[in-house]
Amino acid sequence: MSTQTEQGKNSSERLVILALLFLVPIIAIILLVKSFSSGSTDPQAMTEEAIAARIAPVAQYNTGAPAPVLASDANREPFTGEQVYNKLCMSCHDAGLLDAPKLGDNAAWGPRLAAGEADVYHKALNGFNAMPARGGDATLSDLEVKRAVVFMVNKSGGNFAEPTDGDAAPAAEATPATDAAQAVEQKAEAAVEATKEAAADVAKAVEEKTEAAVEATKEAAADVAKAVEGKTEAAVEATKEAATDAAKAVEQKTEAAVEATKEAAQAAEQKVEATVEAAKEAVAPAEVPLNKQTETDSTATQPTQQ
């Protein structure tokens, strides 16, 4: 039984290791692809300018080059909160990806709003957990980021005031290198957490299967023990019956032997009695006739004549 348990543990450990080696790279790739994908259905988000703006932080972080400033960005009007949301935010906040509070989920937004307006703006501008700074677009001004925050908050149980133009800040004053590094670090941490959770799930599944195998082994052993016990009891009963039959047979043979001995003894006794009678007859004196006995007696009594 102990050997089977050890083999089951070794198999479980090997299964966990193989599962981790297989799942970790796949999960990391999926999470990174999803986190860098905007998932927006807005046609404006698929333009060359929008795509270049989204990949600018990562490109700048990898090469050290400054984030590109598009010619159209210099003279464009600030985006509305809804436009920024459709462009960047909805990929995570529509589906609740990477623990992002879903748009319209008042319960999820409640604790975040309780921290205060300044805290919510600070996290949106500087990044938090898996969310990169400025949603991953360093060209967005503070005004545009805050507009996006207000759009999400006011549709999720909050009541933030619409930011004014005085809140706008030039995109050039941002620190895209720092923001990009922080974004990548946060994404890596999120990928690690997701991998840990997946590994824990795999380990739990393997543990449950191992426990089920152990229980099945115990049940099988119990059945075998029960069967052996039943067969042992049957063997004992058969042995008792055989012993009883043997004893009975011996008893019957013993009684027959006793009867035969008695008969032989009686026959011997009769022979002895016959021998004794014969011996008595052989040694007994012969009988004398009465007339002869009288003559003898009278002769003996008469005096001798001279």
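Below is a short write-up of the structure. (Residues numbered from 1 in each chain as written. Predicted model: local features only at pLDDT ≥ 70, side-chain atom pairs only at ≥ 80, totals over all residues. Heavy atoms only, no water.)

**Brief notes about the overall build of the protein**
Phase 1 of the analysis: What the protein contains, in helices and strands, is nine helices and zero strands.
Phase 2 of the analysis: Listed N to C, the secondary structure of the protein is α-α-α-α-α-α-α-α-α in terms of helices and strands.
Phase 3 of the analysis: In the protein, which comprises 306 residues, the proportion classed as buried is 26%.
Phase 4 of the analysis: Carbon together with sulfur atoms contributes 59% to the accessible area of the protein, which is approximately 20,500 Å² in total. (Helix = DSSP H or I, 4+ residues; strand = E, 2+ residues; numbered from the N terminus. Buried < 20%, exposed > 50% of the residue type's maximum accessible area, 1.4 Å probe, protein only. Areas by Shrake-Rupley, 256 points an atom, 1.4 Å probe, with all protein chains shown as cover.)

**Remarks on helix 6 (residues 117-126)**
Phase 1 of the analysis: Among the residues of helix 6, those classed as buried are Val-120, Tyr-121, Ala-124 and Leu-125. Burial along helix 6 is one-sided: seen end-on, the buried residues are contained in an arc of 125 degrees.
Phase 2 of the analysis: The elements touched by buried residues of helix 6 are helix 5 (106-114) and helix 7 (142-154).
Phase 3 of the analysis: The positive-phi residue at the C-terminal boundary of helix 6 is Gly-127, with phi of around 95 degrees. (Arc of directions from axis to C-beta. Contact = heavy atoms within 4.5 Å.)

**Remarks on the environment of Ala-194**
Phase 1 of the analysis: Tracing the backbone shows Ala-194 in helix 8 (residues 176-283).
Phase 2 of the analysis: Note: C-alpha distance between Ala-194 and Leu-31 (163 residues apart in sequence) is 8.3 Å.

**Describing the packing of aromatic side chains**
Phase 1 of the analysis: Following the criterion strictly, the structure yields two aromatic pairs and no others.
Phase 2 of the analysis: Between Tyr-85 and Phe-151, the ring centres sit 5.4 Å apart and the planes meet at 50 degrees, which makes this aromatic pair tilted. Taken as a pair, Tyr-85 in helix 4 (residues 81-93) and Phe-151 in helix 7 lie far apart in primary sequence, 66 residues in all.
Phase 3 of the analysis: The class for Phe-151 is buried, based on a relative accessible area of 17%.
Phase 4 of the analysis: Over the aromatic face of Phe-128 sits the side chain of Lys-123, whose NZ or CZ is 4.2 Å from the ring centroid.
Phase 5 of the analysis: The cationic tip of Lys-146 hangs over the ring face of Tyr-121; the distance from NZ or CZ to the ring centre is 5.2 Å. (Phe/Tyr/Trp six-rings, centres within 6.5 Å; stacked < 30°, edge-to-face > 60°. Lys NZ or Arg CZ within 6 Å of the ring centre and 35° of its normal.)

**Quick notes on the pattern of salt bridges**
Phase 1 of the analysis: Applying the stated criterion across every chain yields a total of three salt bridges.
Phase 2 of the analysis: Among the salt bridges present, the one from Lys-87 reaches Asp-137, with a minimum N-O distance of 3.0 Å. With Lys-87 in helix 4 and Asp-137 in the loop between helix 6 and helix 7, the pair connects residues that are 50 residues apart, well separated along the chain. Here Lys-87 and Asp-137 have matching classes, each one buried.
Phase 3 of the analysis: The salt bridge partner of Arg-134 is Asp-142, with a shortest N-O separation of 2.7 Å. The same class applies to Arg-134 and to Asp-142, which are both buried. (Salt bridge = Lys/Arg side-chain N within 4 Å of Asp/Glu carboxyl O.)

**Focus: helix 4**
Phase 1 of the analysis: Counted at 1.5 Å a residue, the expected span for helix 4 with its 13 residues is 18 Å, but the 14 Å between its end C-alpha atoms falls short.
Phase 2 of the analysis: A bend of about 55 degrees at Lys-87 is the largest found in helix 4.
Phase 3 of the analysis: In terms of burial, helix 4 is a largely internal element, ten of the 13 residues being buried.
Phase 4 of the analysis: Listed in full, the buried residues belonging to helix 4 are Gly-81, Val-84, Tyr-85, Lys-87, Leu-88, Cys-89, Met-90, Ser-91, Cys-92 and His-93. (Expected span 1.5 Å × (residues − 1). Bend = angle between axes of the 7 residues up to and from the residue.)

**Brief notes about the packing of helix 6 against helix 7**
Phase 1 of the analysis: For the pair helix 6 and helix 7, interaxial distance at closest approach is 10 Å and the crossing angle is 120 degrees. On the basis of their axis angle, the class for helix 6 and helix 7 is oblique. Considering the relative orientation of helix 6 and helix 7, their crossing is right-handed. Note on element contacts: helix 7 touches helix 6 through Asp-142, Val-145, Lys-146, Val-149 and Val-150, opposite Val-120, Tyr-121, Ala-124 and Leu-125. (Axes fitted to C-alpha atoms, helices over the stretch in contact; angles between N-to-C directions. Parallel < 35°, antiparallel > 145°, perpendicular 65-115°, else oblique. Left-handed = near helix turned anticlockwise from the far one by under 90°.)

**Looking at unusual backbone geometry**
Phase 1 of the analysis: Positive phi outside glycine occurs at Asp-99, with the angle close to 70 degrees.
Phase 2 of the analysis: With respect to the secondary-structure elements, Asp-99 resides in the loop between helix 4 and helix 5.
Phase 3 of the analysis: Owing to a relative accessible area of 62%, Asp-99 belongs among the exposed residues under this scheme.
Phase 4 of the analysis: Unusually for a residue other than glycine, Arg-134 sits at a positive phi of about 55 degrees.
Phase 5 of the analysis: Relative to the assigned elements, Arg-134 resides in the loop between helix 6 and helix 7.
Phase 6 of the analysis: By relative accessible area, Arg-134 is classed as buried at 13%.

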